[in-house]
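# Residue-level structural notes
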Amino acid sequence: MQPFIDTLIYFAISVVIVLIGLIIFENMTRKYKDMEEVKNGNQAVALSIAGKIIGICIVLAFAIYHSIQIQETIIWGLFGVVLQMIAYGVFDLLTRKFSVEEQLLKNNLAVGIISMAVSIGLALVIGASIT
């Protein structure tokens, strides 16, 4: 019975951490509200959000796999959210010829896809580094 209880605990923790990450990312965007853009059919923003969700979940999966205690999973999960935020900021800084946020607002699918790839790719690296 304990494995089922542990799974429910890890599931609940993961949902909370993903929601925390989404709230933080929502507050990082200044030119639009993420969920309003998704509601209006902005696919570029949806791809960017999807990348963040998948990225956070990848880090959590590695954390669950490598952690002995639930507290370690929480710490790694939150650390993964912070690193995802840094990755997004670096991505925005490295695209000096345009603003990622403005391009996502304009529904630029190419930027949405790259944003998604950055989140997922770096999550794999972050996750792989969890020991």
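Above this text is the structure in question.
Please read all numbers here as calculations on a predicted model, not as lab measurements. (Residues numbered from 1 in each chain as written. Predicted model: local features only at pLDDT ≥ 70, side-chain atom pairs only at ≥ 80, totals over all residues. Heavy atoms only, no water.)

## Let's talk about the overall build of the protein
Here is the rule: To qualify as a helix, a DSSP run of H or I must reach at least 4 residues; to qualify as a strand, a run of E must reach at least 2; elements of each kind are numbered from the N terminus. The buried label goes to any residue with under 20% of its type's maximum accessible area, the exposed label to any with over 50%, and the partly exposed label to all in between, with areas taken from a 1.4 Å probe on protein chains only. Between two residues, a contact is recorded if the distance between any of their heavy atoms is within 4.5 Å. The Shrake-Rupley method, run with a 1.4 Å probe sphere, supplies the accessible areas, and residue values consider only the shown protein chains as cover. Counted as positive: Lys and Arg. Counted as negative: Asp and Glu. His and the chain ends are not counted at all. Charged groups are reduced to one reference atom each: NZ for lysine, CZ for arginine, CG for aspartic acid, CD for glutamic acid.
The secondary structure content of the protein amounts to 6 helices and 0 strands. Along the chain direction, N to C, the helices and strands of the protein fall in the order α-α-α-α-α-α. In terms of principal-axis extent, the alpha carbons of the protein reach across some 50 × 30 × 20 Å. Looking at the protein as a whole, 37% of its 131 residues are labelled buried. Contacts in the protein between residues far apart in sequence, at least 24 positions, make up 75% of those at least 6 positions apart. Only carbon and sulfur atoms are counted for the fraction: they give 71% of the accessible area of the protein, which is about 7,700 Å². Averaging the positions of the 8 positive and the 9 negative side-chain charges in the protein gives two centres separated by 11 Å.

## Quick look at the packing of aromatic side chains
Selection rule: Stacked, edge-to-face and tilted are the three classes for Phe, Tyr and Trp ring pairs, Trp counted by its six-membered ring, which pair at centre distances within 6.5 Å; planes under 30 degrees apart are stacked, over 60 edge-to-face, the rest tilted.
On inspection of all chains with the given rule, the structure shows 2 aromatic pairs. Their ring planes at 75° and their centres at 6.3 Å tell us that Phe25 and Tyr88 sit as a pair that is edge-to-face. Here Phe25, found in helix H1 (residues 2-28), pairs with Tyr88, found in helix H4 (residues 70-94); they are 63 residues apart in sequence, far enough to count as distant. Judged by its relative accessible area of 2%, Phe25 falls in the buried class. Exposure remark for Tyr88: the relative accessible area of 9% places this residue in the buried category.

## What about the nonpolar core?
The condition is simple: Throughout, nonpolar core names a set of buried Ala, Val, Leu, Ile, Met, Phe, Trp, Tyr and Cys residues whose side chains join them through atoms within 4.5 Å.
Counting 17 residues, the largest nonpolar core has Ile17, Ile56, Val100 and Leu104 as its most contacted members. Counting only elements with at least two residues in this core, the list comes to H1, helix H3 (43-66), H4 and helix H5 (100-105). Among all residues touching Val100, those that are not within four sequence positions of it are Tyr88, Phe91, Asp92, Thr95 and Val111. One finds Ile58, Ala63, Ala123 and Ile130 within the second-largest nonpolar core, a separate group that totals 6 residues.

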